[in-house]
Amino acid sequence: MKRFIAAFLVVFFLFEPSFAWAAPSISGAQREVDRLRTLAADKYEAANEATIKIASLERETKSLKEQESLIKSDLEEAKKVLGRIALQNYQGSGFGTGLELLLSTDPSQYLADASMLDLVGTRYANEIRKYMLTKQKVQSSQLVIADRVDLLKSEKIKLNREVSAAKAALAKATRILNSLKKEDRERLLSQEAARENKILKDSQKYATSYVGDNSRGSIALKFALKQIGDIYVWAAAGPTRWDCSGLTMRAYQAAGVSLPHSSRVQVKYGKSISYGSLKPGDLLFFGKPISHVSIYMGGGKMVQAPRPGKKVEVVKLTKMFGRKPFVGARRL
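The shown structure was predicted, so the numbers you read here are calculated from the model rather than taken from an experiment.

Cut-offs applied
Residues numbered from 1 in each chain as written. Predicted model: local features only at pLDDT ≥ 70, side-chain atom pairs only at ≥ 80, totals over all residues. Heavy atoms only, no water. Helix = DSSP H or I, 4+ residues; strand = E, 2+ residues; numbered from the N terminus. Contact = heavy atoms within 4.5 Å. Areas by Shrake-Rupley, 256 points an atom, 1.4 Å probe, with all protein chains shown as cover. Buried < 20%, exposed > 50% of the residue type's maximum accessible area, 1.4 Å probe, protein only. Arc of directions from axis to C-beta. Phe/Tyr/Trp six-rings, centres within 6.5 Å; stacked < 30°, edge-to-face > 60°. Lys NZ or Arg CZ within 6 Å of the ring centre and 35° of its normal. Pairing = 2+ DSSP bridges. Salt bridge = Lys/Arg side-chain N within 4 Å of Asp/Glu carboxyl O. pLDDT = per-residue confidence, 0-100. Polar contact = N/O pair within 3.5 Å; in protein donor to acceptor, adjacent residues only side chain to side chain.

### Some thoughts on the overall build of the protein chain
Right, so step 1: Counting its regular elements, the protein chain contains 10 helices and nine strands.
Right, so step 2: Across the protein chain, every contact between residues at least 6 apart in sequence was considered, and the portion connecting residues at least 24 apart equals 66%.
Right, so step 3: Of the roughly 18700 Å² of accessible surface on the protein chain, a fraction of 57% belongs to carbon and sulfur atoms.

### Digging into the environment of Gly256
Right, so step 1: Mapped onto the elements, Gly256 comes out in the loop between helix H9 (244-254) and helix H10 (263-266).
Right, so step 2: For Gly256, a relative accessible area of 68% gives the class exposed.
Right, so step 3: For the pair formed by Gly256 and Arg216, sequence separation is 40 residues and the distance between their alpha carbons is 7.6 Å.

### Observations regarding helix H8 (residues 216-225)
Right, so step 1: Taken together, the buried positions of H8 are Gly217, Ser218, Ala220, Leu221, Ala224 and Leu225. Along the axis of H8, the buried residues cluster in a sector spanning 160°; they form a single face.

### Remarks on unusual backbone geometry
Right, so step 1: Backbone torsion omega between Gly238 and Pro239 reads 0°, so that peptide bond is classified as cis.
Right, so step 2: Within the secondary structure layout, Pro239 lies in the loop between strand S1 (231-232) and strand S2 (241-242).
Right, so step 3: Cis geometry marks the peptide bond from Lys288 to Pro289; its omega dihedral reads 0°.
Right, so step 4: Mapped onto the elements of the fold, Pro289 is located in the loop between strand S4 (283-286) and strand S5 (292-298).
Right, so step 5: Positive phi values are uncommon outside glycine, yet Ala235 reaches one of about 70°.
Right, so step 6: Mapped onto the secondary structure, Ala235 falls in the loop between S1 and S2.

### What about the environment of Leu317?
Right, so step 1: Take Leu317: it is sitting in the loop between strand S7 (313-316) and strand S8 (320-321).
Right, so step 2: Given a relative accessible area of 8%, Leu317 falls into the buried group.
Right, so step 3: Spatially, the C-alpha atoms of Leu317 and Gly298 are 9.2 Å apart, while their sequence positions differ by 19 residues.
Right, so step 4: If sequence neighbours within four positions are ignored, Leu317 has contacts with Tyr275, Leu278, Leu284, Phe286, Tyr296, Gly300, Lys301 and Met302.

### Some thoughts on the packing of aromatic side chains
Right, so step 1: All told, the structure shown has five aromatic pairs when counted by the stated rule.
Right, so step 2: Where Tyr44 meets Trp234, the ring centres are 4.7 Å apart and the plane angle is 10°; that geometry is what we call stacked. Taken together, the residues span a long stretch of sequence, with Tyr44 in helix H2 (residues 26-93) and Trp234 in the loop between S1 and S2 at a distance of 190 residues.
Right, so step 3: Looking at Tyr44, the relative accessible area reads 7%, which means it is buried.
Right, so step 4: One Lys or Arg, Lys319, reaches over the ring of Tyr275 and ends 4.8 Å from the middle of that ring.

### Some details on the pairing of strand S6 (residues 301-304)
Right, so step 1: With three bridges joining them, S5 and S6 adopt antiparallel strand pairing. Residue Tyr296 lies in a different strand from S6, and its bridge partner there is Met302.
Right, so step 2: Hairpin connection from S5 to S6: two residues lie between these consecutive antiparallel strands, with Gly299 at a positive phi of about 65°.

### Digging into the pattern of salt bridges
Pairing of side chains with opposite charge becomes possible as their charged atoms draw close.
Right, so step 1: Per the stated rule, a full pass over the model turns up 21 salt bridges.
Right, so step 2: Here Asp147 and Arg148 are joined by a salt bridge, their closest N and O atoms 2.8 Å apart.
Right, so step 3: When its relative accessible area of 36% is taken as the criterion, Asp147 is described as partly exposed.
Right, so step 4: Across the pair Lys198 and Asp202 runs a salt bridge, and its minimum N-O distance is 2.9 Å. Note that Lys198 and Asp202 are positioned in helix H7 (residues 182-209) at a spacing of four residues, about one turn of the helix.
Right, so step 5: One salt-bridge network, held together by shared partners, links Asp34, Arg37, Glu192, Arg195, Glu196, Arg307, Lys310 and Glu313.

### Regarding H9
Residues spaced three or four apart along an α-helix point in a common direction, a consequence of the helix completing one turn every 3.6 residues.
Right, so step 1: The element H9 is largely enclosed, with a buried count of eight among its 11 residues.
Right, so step 2: Among the residues making up H9, those that are buried are Cys244, Ser245, Gly246, Leu247, Thr248, Met249, Ala251 and Tyr252.
Right, so step 3: Just beyond H9, the residue with positive phi is Gly256, at close to 85°.

### Considerations on the confidence of the model for the protein chain
Right, so step 1: Averaged over every residue, the pLDDT of the protein chain is 85; the share at 70 or more is 80%.
Right, so step 2: Taken together, the stretch residues 1-22 has pLDDT below 50 and engages in two contacts with residues farther than four places along the chain or on a different chain.
Right, so step 3: For residues 94-99, every residue scores under 50 in pLDDT, and the model assigns this stretch nine contacts once sequence neighbours within four places are set aside.

### Concerning the side chain of Gln304
Right, so step 1: Assignment of secondary structure puts Gln304 in strand S6.
Right, so step 2: Taking the relative accessible area as the measure of exposure, Gln304 reaches 1% and is therefore buried.
Right, so step 3: Here Glu313 takes part through its side chain, which lies 2.8 Å from a polar atom of the side chain of Gln304.
Right, so step 4: Among all residues touching Gln304, those that are not within four sequence positions of it are Leu247, His292, Ser294, Lys311, Val312, Glu313, Val315 and Phe321.

Right, here's the structure in full:
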């Protein structure tokens with residue numbers, strides 16, 4: 001066994017430098033950079049979803065706190081009423097328990113006693129029940145608010161995590177580019193620019209050829225096609241910078257439809273459409289979990305804002321967008 005290990009180590013150290021330290025090829029570097037930029041777009045879409053949840057939780061928490069404030073006011077008023085009952089009882093009968101009730105921070109513990117009910121009279125029973133019920137509402141409200149605050153903290157942690165992961169992916173892509181020889185890096189960037197220029201020219205040609213009608217889908221599509229050539233920027237929703245769900249959100253806003261800024265939430269809107277029944281303007285969703293949305297143009301093409309390093313473009317629709325499977329379409 002020892003001889004085997006020794007032989008393995010000799011072979012490993014003899015041949016390891018030839019592949020461990022080899023610089024990436026231009027084509028390999030391009031594939032990895034594209035993958036990392038796509039990964040960044042995925043993480044940014046997850047961050048968009050978290051941002052929407054945070055906004056919703058903040059509105060809900062604010063509303064709950066306002067309601068709690070009103071309930072607390074009701075509780076204080078109920079406590080004052082019980083205090084007056086105690087004072088009246090003390091002045092009328094001289095019983096010390098009446099004064100004890102008046103000075104108590106929790107009148108219910110005295111008034112809940114059957115003997116005290118007899119003392120203050122059954123006509124006050126409704127006030128006692130009102131106080132107890134209001135107190136329970138305050139306690140319940142506090143529990144709900146605490147739960148929402150915990151959820152809010154959790155979503156903020158998720159948002160920061162997804163954004164950090166996206167930035168890390170983009171930073172790694174930059175390191176890969178910087179690791180290339182100067183001439184190789186320039187060749188890669190030149191090839192990438194040529195590729196993107198061809199996509200841009202083709203996209204502009206497709207955009208000018210689209211006529212459409214006055215349907216919501218057609219209006220949204222026309223809006224998206226006017227943005228051809230605008231750059232991708234995370235969380236951007238115009239007028240000249242877009243991410244995938246920001247583009248679809250504004251496109252449908254132009255058609256009078258309100259959508260949230262998240263592909264994972266947009267998929268819940270409209271009605272489901274099969275792949276074989278697509279019409280121009282239908283929203284197309286990709287990824288498990290969903291991390292990309294585009295707009296069907298017709299003729300087997302779609303318009304989109306794909307990822308960092310790219311621009312709004314028209315590309316061929318396939319059931320696999322890179323490594324992301326087509327998961328559904330919605331018509332609004």
